[in-house]
Amino acid sequence: MTFCQRCDSENSDDATLCQACGAPMRSGTLVMAVSQIAPRPQVSIRVVRADGGPESVVKMQRDTLTCGQQYGDLVLSDDPFVMPQQARFFFSGAHLAVEDVGGANGVFVRLRQERELPTGGELRLGRQRLVLEPIPTASTGPGGAQIWGSPDAGYRLRLVQLLEGGMRGAAFPLKEGDNLLGREHGDITFPTDGFVSGRHAVLNVRQDQLTVRDVGSSNGTFIRLAGPTFVDNGDHFLIGRQLLRVELQMQA
C-alpha cells in the first residue's frame, strides 16, 4: 500500500491520484510508505524560545505530525504569519521528511552546509526575508549599442527584500564571486537588524548560479523549502516567527 502525502489515506501501489482527496500520488520527490524492516526513530518537535523561557515539546504519535496556526498536533496560535495548517512531518519508509502544505510565508530550513539557491528561491536571516531574481541583460540595437538605460554593469542576479504584507523593499545586485551579508560588514548590510550577525552569510555567484554558505552566524541562515525534504536530528525550521527543532531518538 502507498500513503497519500497530503491526507495520509491508503491507496494501491499503482494509484496515480489519491482516492480520498484527489492529490497526485507522485507530486513530490518523496513517497510516504510504511517500512516493515528498518526501525523508525522517536520524533519530538521543540519550539525554541529565544528568551530562554520554557519550551513546548510535541511528540509524534502517528505516521504524521502537522503544525499550523489553527490546526494540527502543534498549534502556533499566537503567530499571525503562520497559515491555519502550515507544515507536515511524515515518514517516507524509515526516514522522516517535512513539506510545506500551507504556502504563503512558507517553511524555511536552517543551513548546515553550502547549498544552491535557484532563482525564485528565498532566504531568511535575522528579520530579513529575501528572494533571488534574475537581472535581464541590457537591450541593444544594431552594432551592439545599448538602446536605453544605464550602462550594463554585468550583474545577472539580485536579492529583493520582501516586507510584511507582501510589499517589495530594497533590491541588491550581486557581483560575480563572493557577496558577504552581515549587520556590520559586507557587500550587503542590515545595520538595524539585531538578529543579523556582523558577518552572517556568503552568496557565491558563478554566472547565473548562486550558492549560500553561513559563516558562523548566531541565529542561522535559512532557505525556503521548495518540496518534501528529508529531516536530520537537530534540524531547525522557521515557520512564521517560530523556530522549531527536530529531535530524533532511535528506539531501544
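Looking at an unreviewed UniProt entry, one finds the protein chain named FHA domain protein, with Stigmatella aurantiaca as its source organism.

Draft legend 1. Looking closely at the environment of Q251. Structurally, the position occupied by Q251 is in the segment after β23 (242–250). Taking C-alpha positions, Q251 is 5.9 Å from P41, a pair spaced 210 residues apart along the chain. Beyond its immediate stretch of four places on either side in the chain, Q251 contacts R40, P41 and Q42.

Draft legend 2. Structural view of unusual backbone geometry. Look at A104: it is not a glycine, yet its phi comes out positive at around 55°. Residue placement: A104 occurs in the loop between β9 (95–100) and β10 (107–110). For Q207, which is not glycine, the phi dihedral falls at a positive 60°. For Q207, the position within the fold is in the loop between β18 (201–206) and β19 (209–214). What makes Q207 exposed here is its relative accessible area of 62%.

Draft legend 3. Summary view of the pairing of strand β6 (residues 64–68). For β6, the buried fraction is high: 5 of the 5 residues fall into the buried class. Both faces of β6 are covered, namely the face carrying T64, T66 and G68 and the face carrying L65 and C67. Judged from the 4 bridges that link them, β6 and strand β8 (residues 87–93) form a sheet pairing that is antiparallel. In the sheet register, C67 faces β8, and the bridge partner there is A87. Here β6 runs beside strand β7 (residues 74–75); their pairing, made up of 2 bridges, is parallel. Residue pairing across strands places G68 opposite V75, the latter belonging to β7.

Draft legend 4. Region of the structure containing the pattern of salt bridges. One pass over the full model with this rule turns up 16 salt bridges. E55 is paired through a salt bridge with R46; the nearest N and O atoms lie 3.5 Å apart. R213 serves as the salt-bridge partner of E114, at 4.0 Å between the closest nitrogen and oxygen. You can see E114 sitting in the loop between β10 and β11 (115–116) and its partner R213 sitting in strand β19, a full 99 residues away along the chain. For E114, a relative accessible area of 41% corresponds to the partly exposed category. Exposure remark for R213: the relative accessible area of 32% places this residue in the partly exposed category. Where salt bridges share partners, they join R46, E55, R245 and E247 into one cluster.

The rules behind the values
Residues numbered from 1 in each chain as written. Predicted model: local features only at pLDDT ≥ 70, side-chain atom pairs only at ≥ 80, totals over all residues. Heavy atoms only, no water. Helix = DSSP H or I, 4+ residues; strand = E, 2+ residues; numbered from the N terminus. Contact = heavy atoms within 4.5 Å. Buried < 20%, exposed > 50% of the residue type's maximum accessible area, 1.4 Å probe, protein only. Pairing = 2+ DSSP bridges. Salt bridge = Lys/Arg side-chain N within 4 Å of Asp/Glu carboxyl O.

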